[in-house]
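# Structural characterization, general
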Amino acid sequence: MTGPHVLAEEFTAVFGRAPDGVWRAPGRVNLIGEHTDYNDGLVLPFALPLGVSVAAARRDDGVIEVRSRQAATPVTAPVDGGPVVVEGWPADRAWAAYPVGVARVLREHGTGGASLLIDSDLPQGAGLSSSAALECATALALCDLHGVEIDRPALARLAQRAENEQVGVPCGLMDQAASLLCTEGRALMLDCRTGLSSQVPFAPAESGLTLLVVDTRAAHALAGGEYARRRAECERAASLLGVDALRDVTDLAGALQKLPDPVLRRRVQHVVTENHRVEATVGLLRAGAVAELGAMLNASHLSLRDQYEVSWPEADRAVNAALRAGARGGRMIGGGFGGSVIVLTAADRADRVRDAITTAYEDQGWPHPSFLEATPSQGAHRLT
Ligand code: GAF
């Protein structure tokens, strides 16, 4: 990852003019509250120090030109086009659907063209929300360049809309909201129905704990059909139960009795209990009982594995190995079927936990996982 000044110099070399500024948006880790966002529920993500930087200059010719230090093919497109997903771009241009999609959605709110040079230090496919970081860095840049003021909760919804309508991925609100609204040293408790949020202090190191992010190296992709299928199952269950969203299920036992399909029953069981786990986790954090979070993480993982059926072998093995090595808890994060897990451990056990996970992977002949110590960091901002 290059610093903002080097990125700006590179921009000048590529585009023949200096950028108007450099913006940055982070990836996220979701502490708890998985597959709840599109059920109008609760989530508790925090921002990573890793993210996407965008050097950008305004253009007034209605064109967006995007280049990335991580992609070979530059893309130039009109900002007033229809959905990128309908245009059916070839695979080597697919990465640019995110910034171009954002430009097309924000155009309705008064932004215009731009030249962008993008740089990312977020691993792709690790389930740490690199797509949302790219969308949010682009959105902030476009708003600033064109003097358009949109408050951050609204901007998060527009970035989500870009991913839904332009890229064709039916994600919920969490990742964009996390990237735009998180603050240093805190997790973001977000109610995805109302959009209301609160900042919850989360500093594991102060309690002698470490939160490890383990990239299982099984690549995660939301575009796969399973994510959309889970969403559809939830919508079907809500409709059968006569509620707007699974968020509204208050009598879990009664709801389960009403659903004949065991698959839908499992999905409802997960979503309803996961919302309760978010609330309980916020309560523990506010009480300063960070070590007790382990039990919540474990319960969430089991629910995602057995009820929601979105875990994957590398995630289960990492969580099991971590627990056997004495970690407090762990769970898969993100959409599932690949990506990362988080593990909460006493700081003085972190090395043992890392080694245990690595050995468990070696035993299977799997590639080594990679580790990152997660510190809740600043949300999207302008760098220069
Ligand atoms: C992905 C999606 F993008 C989010 O909206 C959320 O649904 C998450 O999976 C699961 O909690 O990150």
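Because the structure is predicted, anything quoted here is derived from the model rather than measured. As a convention, each chain's residues are numbered from 1 in the sequence order in which they are written. Residues qualify for local features only when their pLDDT is at least 70, as the model is predicted, and side-chain atom pairs are given and counted only at 80 or more; totals for whole chains, interfaces and linings, by contrast, use all residues.

## Section: the overall build of the protein chain
A helix here means a DSSP run of H or I that spans at least four residues, while a strand means a run of E at least two residues long, and both kinds are numbered starting from the N terminus. Across its full length, the protein chain holds twelve helices and 13 strands. To get the radius of gyration, use the C-alpha atoms; to get the globule rule, take the number of residues to the power 0.38 and multiply by 2.2 Å. Here the C-alpha atoms of the protein chain give a radius of gyration of 21 Å, agreeing with the 21 Å that 2.2 N^0.38 yields for 384 residues. For the exposure call, what matters is how many other C-beta atoms sit within 10 Å of a residue's own: 20 or more marks it buried, 12 or fewer exposed, and in between partly exposed, using C-beta atoms placed from the backbone. Classification of the 384 residues of the protein chain by burial places 52% in the buried group. Working definition of a contact: two residues with C-beta atoms, positioned from the backbone, lying within 7 Å. At a minimum sequence separation of 6, the contacts of the protein chain that also span at least 24 residues come to 73%.

## Here's the deal with the site of the ligand
Contact assignment follows one rule, namely that a residue is near a molecule or strand if its backbone-placed C-beta atom lies within 6 Å of it. Taken together, eleven residues lie around the ligand, and Glu 34, Cys 171, Gly 172, Gly 334 and Gly 335 are the ones closest in. Here the residues of the shell around the ligand sort into four nonpolar, four polar and three charged. Each domain's limits were defined by an automated method or a database of domain assignments. Viewed by domain, the shell around the ligand spans two of them, domain 1 (4–201) and domain 2 (204–373), each represented by three or more residues. Three residue categories are used. Nonpolar comprises Ala, Val, Leu, Ile, Met, Phe, Trp, Tyr, Cys and Pro, charged comprises Asp, Glu, Lys and Arg, and polar comprises the others, including Gly.

## Focus on the nonpolar core
Considering soluble globular proteins, one finds that nonpolar side chains tend to be buried as a cluster. A set of buried Ala, Val, Leu, Ile, Met, Phe, Trp, Tyr and Cys residues, joined through C-beta atoms within 7 Å, is what we mean by a nonpolar core. Counting residues in hydrophobic clusters, the biggest one holds 109 residues, and the most contacted among them are Val 54, Cys 136, Ala 137, Ala 141, Leu 188, Ala 322 and Ile 342. Top element by residues in this core is helix H4 (residues 130–145). It accounts for ten residues. Both of domain 1 (4–201) and domain 2 (204–373) provide at least three residues apiece to this core. If sequence neighbours within four positions are ignored, Ala 141 has contacts with Gly 21, Trp 23, Val 54, Ala 56, Ala 114 and Leu 116. Grouped together as the second largest cluster of nonpolar side chains are eleven residues, Leu 241, Val 249, Val 268 and Val 271 included.

## Focus: the UniProt feature "domain: Galactokinase N-terminal" (unreviewed entry) in the protein chain
UniProt positions are given in the numbering used here, feature names are shortened, and annotations may be inferred rather than shown by experiment. Residues annotated in UniProt with the feature "domain: Galactokinase N-terminal" (unreviewed entry) correspond here to residues 9–58. Segment residues 9–58 splits into 14% helix and 52% strand. End C-alpha atoms: 16 Å apart.

## Focus on the environment of Val 102
Here Val 102 shows up in helix H3 (residues 97–107). Along the sequence, Val 102 and Ala 162 sit 60 residues apart, while their C-alpha atoms lie 5.2 Å from each other. Aside from chain neighbours lying at most four places away, what touches Val 102 is Glu 135, Thr 138, Ala 139, Leu 142, Ala 159 and Ala 162.

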